Structures are given as C-alpha cells and as structure tokens.
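Reading the structure
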Amino acid sequence: MSIIFDKTNQVFLLNTISSSYIIKIFANQYILHYGWFPKIDEWNDMFAAPVTGRAMSPNPEIFEGKLDFSLDTQPQEFSGAGITDFRNSSIEIKSENGTIATDLIFKSYRILKGKPQIPGLPATYSLKNEEADTLEIDFMDPLTEVTVILSYTVWKNYNAICRHTVVKNTGKYDICLEKVMSCNVDFCGSRYKMLQLSGAHARERHPVFRKLVPGNQGIESKRTASSLQQNPFIALMDYDASETRGNVYGFNLVYSGNFYANVEVDQFNMSRVQLGINPFNFEWKIKPEEEFYTPEAVMVYSQNGLGEMSRTFHDLYRNHLCRGKWQYKERPIVINNWEATYFNFNAEKLFKLADEASSAGIELFVLDDGWFGKRNDDTSSLGDWFENKEKLPGGLAEISDGIHKRGLKFGLWFEPEMVSPDSNLFRNHPDWCLHIEGRSSSLSRHQLMLDLSRNEVVDYLYERLYSIITENKIDYVKWDFNRSGTEVGSGTATAAEQMKVSHKYYLGLYNLMEKITSALPDVLFESCSSGGGRYDPGMLYYMPQAWTSDNTDGISRLAIQAGSTIAYPASSMSCHVSAVPNHQTGRQTFLAERGHTAMAGTFGYELDLNKLNPVELKEIKDQVEIYKTIRKTVQFGDYYRLENPWTESSDAEITDFTAWNIVSKDKNQAVFTIVWNYPEANAPADIIKLQGLDESKKYKLTCPQSKTIREFFRLYSPFPMPEAAFYPFENDIVVSGDLLMKCGLQIPYRPHFGSSIQIILNAL
Ligand code: DGJ
C-alpha cells in the first residue's frame, strides 16, 4: 500500500518508490503539508513546522481565540483565499454574495486502488490497479457549501505523485470559480534554485536557473497555448544540486493552454509552489450539482539530481501517458519536404525527393504545408482541407500511391485549428473563429484561430481530417498550430460564459484529438506548434512525438534538445538533419554533427536530397543504417546529460561541448555523443565519465563515422590527416562499463575531422 494513514499522528504518508510526501490533518479542520522526503517508514510531528503565534498573522475563529495558530504561518496542502493566509491562494470561489473569501475545512478522505481518469482531459493513466493508489481528500467551504476534492495518485514504481483538484457545487447557489490550482506544495525553507524552460520561437526550452528570493517568481502563458516562450514545467533544486546530485522537485502540467507556475517565498522563508490553469481570462460558473476538473500536475522527486528527475518523467510519460500502437513502436525515419521545397512543389519534385529518400533507406515521406485549397504561400486556405488540384493535378491519391510504391510510408501536414480569412471556410462561416463582437480580430501569420469551444467546428474538422486521411491512406499526420490566441471570445457564448472560452477551447481540441486518434489507431500523429510551442504532456497523451523546434541548426539544437529532455523523453523529440547554410541561423556545420545531434531523438531529414553530392548521399545512407541499429536504445532507453550546453549562471554563456549518453534498458547498448559547441583552435582535452552502463559488462566501442570521415578527408581535405586524428575511434576497442564510468573516456581536443563524435557501445 503506498498510502498509509497514521491515525495517532493524523498523518498521511504518500510513499512512492523512494520518497514520502506527508499530509497532516490538523485539529480535524485544516490540511497541512509536512514535507516531501527520501522514503521514511514512520512520522513524528517534531519534524513539522512549529505552530507558534506570530504577530500580524490572524487566527481563524474556529480555534476560539487561540492565538498560536494561523494559516499564514503554516505550510498548507491547498490554501483558501482571504482568510488567515495572505499568500497566493490555491482556489478562489466567488459566492452568491459576490465575495471571494474561501475557507477549506477538512471533511473526509478515501483511498482507492489504481488511478481514476479526469473527464475530458489528458492525464497519466494506470492500466493495473497495483501500479498506483489514489488518495482523495474532501473539504467544504462553510459559506458556499462547495466541496473541493484533492486527488493524489501515488505511483509505486516511480518517484512521482499526480494531482488534480475537483470542485463540486454541493451548495444551493451558483458559484463562480475565479482561480483553481492543480497543485500547491509549501516547502519549509527557501534555499532552492528554481529551474524553468524558457525561450522563444526557434529558441525553445532553454533552461534558466535562479535562486529564490522573497516574493513571487514564476512563469506563465496567456497565449492560448502552453507556448514557445515558457514550458509548463518548473523545478526546485537544492543550491548545490546538479545533474547527479541533490534534491530536485519537478512540476509539470498536463495541459496545452494558458498556465500559471509560481513560487512565492513568504515572510518566514516558506516557499509555495503552485501550478495550474492561468487565472487570466478564466472564470467558471458552476451551478448546483455541477463540477469542474483541473488538469493534472505531475510532481517528481529526485534525491540524485536533475538527471534522475528527468528519467522519472521520461519513464512515467512513456509508460503511463503516451498511448496507442505507437507508444513503444520504433518511430520511422522521416524525410519532410518543408525545408526542401517550402510551398514550391509539384508531384515530380516530390517523387524525385522520395526516390533519393528511398535509396537512402528513409522510411516515411512527409508532405508539409501547401497541398490544400489554393495555398502557395501562408496567406490563404487554412480551413479548406481539400487538395490543391492546380498544384497536384493527380490529387493526394497520386502522391500517396507514388510514395507508397517507392517503399515509403506517407505523411501529411495539417493545421486544423486555424482558418485563413482568405478561405471558403471563413467566407461560409465567418463566426467560426475566436473573436469578440465589436472588436477587430488581430491576424498572426495571416490567420485566425477556429472556435473549438463549438461542437459544430469540432465536427467539421473531424469529418475533413478523417476523410482526407482515410481516402488517401495517410500513415502519419503532422498537426501544426502556428499562432497565439488574441481577442479570445466565442460567437455562441453568453457574457457570463466568455471567460470559459480559453479552457473550453482545449476541451474541444482534446475531444477532437481523442476522437480522431482513436478512430485511426494505426496513424502516427506528431504535434507541432511553430516547432515546440505546445511541447507539453497534454499533447503527448494524444500524440507520442512532437516537432521539437523550427530551428534545425545542428548547434542551436543542442540546447533546445537537451532542454527538452529535462522533462520529456527522447521518443517524443522529433529531430531532423537539414541543409547548410542553415535556414534559420546561416551556420555551416558538418553533416556528421547534424546527424549525431538529430540522432538524440526520433530521427529524420528535412532538406533537398537532390542537391547533395554522392559522398553526402552516402553519408546519409550510412547515418540511416546506423540509426536503425540504435533507434530502440535512443527512443526507449535512459537518457544521461553528461555535459550541457548551458551554464547555470547565465543562459548567454555556453560551454565548450555538449555530451550525452543513452543507454538501453537492458544496458546492452549505449550511444555516446559529444558535440563541440563552437570551433576552437588547440582546445583543451577533457575526460568524460559515462553514466548508466552496467559496470560488470564489457562493451565494444565503435565509431561508425570514422570510415566516412576518412573518405571525406581523402576527397576534400586541403591538408593530409595525421593517423593519430582517427585514433582510437576507428578501431573497435573493448572496455568495461566500470572503467568507462569511473575513469571516463579521454576526449581528444576538438578533432580535425569534424565537430562531433558518436560512439556506439555494444555489450559483449
Ligand atoms: C511551422 C512548422 O513548425 C514547420 O515545420 C512547418 O510545418 C511550417 N509550420 C509550415 O507552415
């Protein structure tokens, strides 16, 4: 049993595989938080925050004049509003009388086997009752008689607890929910660093670290998407925590819309972590007998640094969030035509690209934007999901047949949630977009967002997607989303309902995704939002992989990808090799380096193969062949960040090189990669200690690129290569996991033969 109720101390111990989360029922009234520790078997209240009277902290009337208890001085599980706690509230209920003070008084609890799902929302799931237990704690607000239920699912095999909140109007009058968090955790103390994953378009998920200071520090999105700018993830880390050391607490919201993540350090240095739907533009009226479910917050604890926290998220998401046939299936190697042709393609060009892809051993051809309506640039046609017969006179059927005949699977791009003002859909249904009567609607990339809070819009999209996909034997869908929501309102909502629209949009979208993915179980879906603008667990529930970033530069990708692996598994990270000079940065990088970097996730290409020379084509063929031998390890193994491309003191500083090691679950294979972040002459040498290997196993180390490199230099090098430059990577060497982890690999100064080394380790 992973949930223990200690009657004497009136304490719940939520025990994950190696951690304990302590909840206290205080005076049979309030629920306090007593800590989140390495696993303990018993509790003693002497370890709790002392209950002492503090000047300026008021005392709830319920304690009849006792001056020593105030919610303001206690770590709480979930905080009411406007009562004796002045910190950020976890919930604000506006009652019939117009006030928002909310008090939460403990009523009862239940312990359930397994994990209940959250209606209409993506969430982690357990298929077997023995995998997890769930604690539900009921509170009641005395004035409104509203019931608030805190739900905690405790995973037996992961250091993870998943939480959400349910608000049930068990009172007599309508109430209005102004704010409700998915989780609240009060830490005693503030000696922590906060980690967030921040950035911008083409620069997503760069880790940023800061020491907590008194007051509020947080991140949020008000963009009607989880966003490119901030990921719905934060972590608190000990000051000296690193990849391999120290306490780390990670929080991730399973939601793709507006979110709020905040840490408030109070007057006594207690730190309150909150995560949930952003209260901005959110108000939810609840009539008697109705209820509201928040999205789920996933909380992960690691005693051994950030790396272990990441691997817990990875395993939990791969095993209990991703679903369907593709959950554990090796993902195909892609050629995508976007950076090869942009909008400028016809059947002949596509087939020429497919011919080269097929001879390189690539497995899936993706036709990106521009195949529908009259779309030849980004100014029109979104919403008109009918093929562009001027551009493709044989239609999609001809392309699909031709691609399949070449031995490739066929994938197609959609941006279902959008409409172009220049489209038949908009001309026929101008009110189907999000808009506010009387206000002009702002365009972004010449497009508007459809109003997915309306069922008829969801139905239209389902019909169009289903027809196109089934009629043309589509094997893969890239589901894009390329603008942020503005003037968010609905043509059908009443004034009282307008502030529901942002969240109802996501309920509509999730409904659409649930329907289409379950109707088409064989199709592999990849989410995308101008790259990684909705790279969140909500999307992962429906689509097991995501386009990581529109920035395909082999060096920029190092931080974007390593940052993504902080919370998300490599199987979710779609990574493509593109052309040089890179289309986003203009940078020249070696093809080997681009390949090595892209091989850290689900692999593919996004360039015109017809423009490459025979040596480059051969190198691509080799890369494809290599990836096939390591793909299971990469996509489903354990990811170790050995050297990161960022420093904790400043995002602007970069380190000399980035290195990672991915180890198969049985530890029989590992893929070690090192990439030099910038060119440096006569750079210092270094040693990298590998992680995650089996110390008792002997591994054969091979460097597959060495032959290609030799060939490359034979043909192109202006100077002769000294033999030593290839040593020891060309010749297979055998060495134990023990030595590799304790003594490390001697990394030569930046090799003459490129800017990266990939070494594959196979256990003998
Ligand atoms: C944004 C995506 O991130 C790109 O990969 C590409 O699909 C374009 N949209 C197409 O418009």
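Above: the structure in question.
A short tour of the structure in this document, coming up. (Residues numbered from 1 in each chain as written. Predicted model: local features only at pLDDT ≥ 70, side-chain atom pairs only at ≥ 80, totals over all residues. Heavy atoms only, no water.)

Once that is clear, we can look at the overall build of the protein chain. When you go through the protein chain residue by residue, the secondary structure sums to 13 helices and 38 strands. Rg of the C-alpha trace for the protein chain: 27 Å, near the compact-globule value of 27 Å for 764 residues, within the 12% margin. Seen through its C-alpha atoms, the protein chain measures out along the principal axes to roughly 90 × 70 × 45 Å. Looking at the protein chain residue by residue over its 764 residues, the buried ones come to 63%. If you take every contact in the protein chain between residues at least 6 apart in sequence, the share linking residues at least 24 apart comes to 71%. As presented, the protein chain carries roughly 27,900 Å² of accessible surface, and 51% of it is formed by carbon and sulfur atoms. One finds the centroid of the 77 positive side-chain charges in the protein chain at a distance of 3 Å from the centroid of its 95 negative side-chain charges. (Helix = DSSP H or I, 4+ residues; strand = E, 2+ residues; numbered from the N terminus. Rg over C-alpha atoms; globule rule 2.2 N^0.38 Å. Buried < 20%, exposed > 50% of the residue type's maximum accessible area, 1.4 Å probe, protein only. Contact = heavy atoms within 4.5 Å. Areas by Shrake-Rupley, 256 points an atom, 1.4 Å probe, with all protein chains shown as cover. Lys, Arg positive; Asp, Glu negative; His and termini not counted. Charge placed at Lys NZ, Arg CZ, Asp CG, Glu CD.)

The next subject is the side chain of E415. On the secondary structure map, E415 appears in the loop between β23 (409-414) and β24 (418-419). Within the buried core, E415 has no salt-bridge partner, and the shortest N-O distance to an opposite charge, that of R445, equals 4.4 Å. There is a polar contact of 2.8 Å between the side chain of E415 and the side chain of Q447. Apart from residues no more than four positions distant in its own chain, E415 is found in contact with L382, W385, R445, Q447, D480, F481 and N482. (Salt bridge = Lys/Arg side-chain N within 4 Å of Asp/Glu carboxyl O. Polar contact = N/O pair within 3.5 Å; in protein donor to acceptor, adjacent residues only side chain to side chain.)

Around the ligand lies a shell of 13 residues, among which D368, D369, K478, D480 and D550 are the nearest. With respect to the ligand, the side chain of D480 contributes an N or O atom lying 2.7 Å from a nitrogen atom. In this structure, an oxygen atom belonging to the ligand sits 2.4 Å away from a side-chain N or O atom of D550. Among the residues making up the shell around the ligand, the classes are represented as 4 nonpolar, 3 polar and 6 charged. (Near = heavy atom within 4 Å. Nonpolar A, V, L, I, M, F, W, Y, C, P; charged D, E, K, R; others polar.)

With parallel pairing, the 8 strands of this closed barrel are ordered in space as β21-β22-β23-β26-β27-β28-β29-β30. Across this sheet, the average inter-strand angle for adjacent strands is 30 degrees, counted without regard to direction. In this sheet, strand β26 (residues 476-479) lies alongside β23 in parallel orientation, the contact comprising 4 bridges. When the sheet's bridge partners are listed, G411 is paired in β26 with Y476. Set on the sheet, helix α3 (residues 347-360) makes contact with β21 (334-336) and β22 (364-367); between it and β22 the angle comes to about 155 degrees. Sitting on the sheet, helix α9 (residues 556-564) is in contact with β28 (545-547) and β29 (573-578), with an inclination near 165 degrees to β29. (Pairing = 2+ DSSP bridges. Axes fitted to C-alpha atoms, helices over the stretch in contact; angles between N-to-C directions.)

On to the packing of helix α10 (residues 591-598) against helix α11 (residues 614-636), then. Closest axis-to-axis distance for the α10/α11 pair is 11 Å, and the angle between their directions is 20 degrees. The pairing of α10 with α11 is recorded here as roughly parallel in orientation. Of the two possible hands of crossing, α10 and α11 adopt the one that is right-handed. Where α10 abuts α11, its residues L591, A592 and G595 lie against E616, E619, I620 and Q623. Its residues assigned to classes, the contact of α10 with α11 shows 3 nonpolar, 2 polar and 2 charged. (Parallel < 35°, antiparallel > 145°, perpendicular 65-115°, else oblique. Left-handed = near helix turned anticlockwise from the far one by under 90°.)

Moving on: the pattern of salt bridges. Scanning the model with the defined rule gives 40 salt bridges in all. Here K374 and D422 are joined by a salt bridge, their closest N and O atoms 2.9 Å apart. A residue pair is termed long-range when its members are at least 10 positions apart, and K374 in the loop between β22 and α4 (395-405) and D422 in the loop between β24 and α5 (424-428) qualify at 48 residues. The class for K374 is partly exposed, based on a relative accessible area of 48%. Look at D422 and you get partly exposed, because its relative accessible area is 29%. Ionic pairing is found between D694 and K697, a salt bridge with its closest N-O pair at 3.7 Å. Taking the relative accessible area as the measure of exposure, K697 reaches 23% and is therefore partly exposed. Three or more residues are tied together by salt bridges with common partners; here these are D85, R87, D186, D266 and R272.

Next up on the list: the environment of D174. One can find D174 in the loop between β9 (160-168) and β10 (175-188). When the C-alpha positions of D174 and D608 are compared, they lie 60 Å apart, and in sequence the two are 434 residues distant. Once residues within four sequence positions are removed from consideration, D174 is found in contact with E96, N169, K285, I286, K287 and P288.

The final tally for this structure, using the stated rule, is 48 aromatic pairs. Here the aromatic rings of F5 and Y109 are separated by 5.0 Å at their centres, their planes lie at 45 degrees, and the arrangement is tilted. A residue pair is termed long-range when its members are at least 10 positions apart, and F5 in strand β1 (residues 3-6) and Y109 in strand β6 (residues 105-113) qualify at 104 residues. Residues Y505 and Y506 carry aromatic rings whose centres are separated by 5.2 Å and whose planes lie at 65 degrees to one another, so their mutual orientation is edge-to-face. In this pair, the class of Y505 matches that of Y506, namely buried. Taken together, the aromatic side chains of Y21, W36, Y152, F187, Y192, Y249, F251 and Y301 make up a single cluster linked through ring pairs. Geometry around Y535 places R205 over its ring, the cationic atom sitting 4.1 Å from the centre. The residue whose ring lies beneath K329 is W326, and the NZ or CZ to ring-centre distance is 4.5 Å. (Phe/Tyr/Trp six-rings, centres within 6.5 Å; stacked < 30°, edge-to-face > 60°. Lys NZ or Arg CZ within 6 Å of the ring centre and 35° of its normal.)

Our next topic: the nonpolar core. What tends to happen in soluble globular proteins is that the nonpolar side chains get buried as a cluster. Core analysis: the largest hydrophobic core is formed by 184 residues, its most contacted members being L14, F251, I362, F365, L367, W371 and Y605. Broken down by element, the residue count for this core peaks at 8 residues, all from helix α7 (residues 501-519). Look past the residues within four positions of F251 in its chain and what remains in contact with it is W36, C183, V185, F187, P232, F233, I234, V273, L275, V298, M299 and F313. With 22 residues, the next largest nonpolar core counts Y640, L642, F657 and A670 among its residues. (Core = buried A, V, L, I, M, F, W, Y, C linked by side-chain atoms within 4.5 Å.)

Turning next to unusual backbone geometry. Backbone torsion omega between V580 and P581 reads -10 degrees, so that peptide bond is classified as cis. Structurally, P581 can be placed in the loop between β29 and α10. At R205, a residue that is not glycine, the phi angle is positive and equals roughly 50 degrees. Locating R205 in the fold gives a position in the loop between β11 (192-198) and β12 (206-211).

Once that is clear, we can look at the pairing of strand β33 (residues 669-676). Within β33, 8 of the 8 residues are buried, leaving the element largely enclosed by the surrounding structure. Residues Q669, V671, T673 and V675 of β33 are buried on one face, and the alternating residues A670, F672, I674 and W676, pointing to the opposite face, are buried as well. Both strand β32 (residues 657-663) and β33 contribute to a ladder of 7 bridges, which runs antiparallel. Note on β33: the bridge partner recorded for N661 is F672. Counted between consecutive antiparallel strands, the loop separating β32 from β33 contains 5 residues, among which K667 sits at a positive phi close to 60 degrees. Two strands pair when backbone bridges link them, and β33 and strand β38 (residues 756-763) are joined in this way by 7 bridges, in the antiparallel orientation. Across the sheet, A670 pairs through a bridge with L761, a residue of β38.

Before going further, it helps to spend a moment on α3. Three- or four-residue spacings in an α-helix give side chains the same orientation, since the helix completes a turn every 3.6 residues. Helix length check: α3 (14 residues) gives 20 Å between terminal C-alpha atoms against 20 Å at 1.5 Å per residue, within 8%. For α3, the complete set of buried residues consists of A347, L350, F351, L353, A354, A357 and A360. Residues of α3 that are buried make contact with β21, α2 (338-341), β22, α4 and α11. Remark: G361 follows α3 within two positions and exhibits a positive phi of approximately 90 degrees. (Expected span 1.5 Å × (residues − 1).)

Another aspect to go through is empty space enclosed by the protein. All chains considered together, the criterion is met by 6 cavities of 30 Å³ or more. Forming the walls of the largest cavity are R557, L558, Q561, A562, A600, Y639, R641, E643, N644, T658, A659 and W660. The greatest single-element share of the lining of the largest cavity, amounting to 4 residues, is contributed by α9. Within the lining of the largest cavity, the residues separate by chemical class into 6 nonpolar, 3 polar and 3 charged. (1 Å grid on protein atoms, 1.4 Å probe; cavity = no way out; pocket = protein on both sides within 12 Å on 5 of 7 lines; lining within 4 Å. Points joined across faces, edges and corners; volume = space filled by probe spheres on them.)

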